[in-house]
Amino acid sequence: CRLACTEAAPPIGPEDGEAWVFAAMDSTLRAARDAVNSAEFSAANCELLRARLGLSEGELRRVVVAYPTVLGYSYEDNLAPSLAALQQRLSLSESQLRRVVIAQPQVLGYSYDANVAPSLSKLQRRLQLCDEELARVVVGQPAVLS
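Treat the numbers as computed from the prediction; the structure is a model and nothing was measured. (Residues numbered from 1 in each chain as written. Predicted model: local features only at pLDDT ≥ 70, side-chain atom pairs only at ≥ 80, totals over all residues. Heavy atoms only, no water.)

One finds V70, L86, L90, L108, L120 and L145 to be the most contacted residues of the largest nonpolar core, which totals 36 residues. Mapped by element, the contributors of at least two residues to this core are α2 (19-53), α3 (57-66), α4 (75-90), α5 (94-103), α6 (112-127) and α7 (131-140). Element by element, the count of residues in this core is highest for α4, at 7 residues. Setting aside residues no more than four positions away along its own chain, V70 makes contact with L49, V64, L79 and L108. (Core = buried A, V, L, I, M, F, W, Y, C linked by side-chain atoms within 4.5 Å. Buried < 20%, exposed > 50% of the residue type's maximum accessible area, 1.4 Å probe, protein only. Helix = DSSP H or I, 4+ residues; strand = E, 2+ residues; numbered from the N terminus. Contact = heavy atoms within 4.5 Å.)

Below, the structure written as structure tokens:
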């Protein structure tokens, strides 16, 4: 590996005939394929998120514009488990969960176990809230999750 890392790569250019053109085309095609795959991944995740929360196209657009990072998250691996955990912990209805996500889209990126659950517990203890009161606070002021 040391030898390979220290040796200079041979230049690729017009003096190599058409080889540099094919190398550039291959690189461009790989980048285009990756972009298409990424766009398809993002579109599929957006559709799953929209269906899960019952979002209109406008609401989904608002969520994505406010928190574009969500486009890179896996629905199955990240979004669905976090939404389910939050909904279960607070006994939220579908419409309440939807309101929280629309008002605080960043919640989609929070780690439930590492951030949300401890924050909810601290808030509940500090304000001496029962579970129902905690849910009302979060639905009314979703920014408390941040």
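Text resumes after the structure shown.
The next thing to look at is the side chain of Q124. Checked against the element boundaries, Q124 lands in helix α6. Overall, the relative accessible area of 14% leaves Q124 in the buried class. Apart from residues no more than four positions distant in its own chain, Q124 is found in contact with R89, L129, C130, D131 and L134.

Scanning the model with the defined rule gives 1 aromatic pair in all. Relative to Y73, the ring of Y67 has its centre 6.1 Å away and its plane inclined at 45°; by these criteria the two rings are tilted. Each member of the pair, Y67 as well as Y73, carries the same accessibility label: buried. (Phe/Tyr/Trp six-rings, centres within 6.5 Å; stacked < 30°, edge-to-face > 60°.)

On to α4. A rise of 1.5 Å per residue sets the reference length of α4, with its 16 residues, at 22 Å; its end C-alpha atoms lie 21 Å apart and thus fit the reference within 8%. Within the span of α4, buried status applies to Y75, L79, A80, S82, L83, A85, L86, Q87 and L90. A side-chain oxygen of the first residue of α4 lies 3.5 Å from the backbone nitrogen of E76; this N-cap is S74. S91 sits one or two residues past α4 and shows a positive phi near 50°. (Expected span 1.5 Å × (residues − 1). Polar contact = N/O pair within 3.5 Å; in protein donor to acceptor, adjacent residues only side chain to side chain.)

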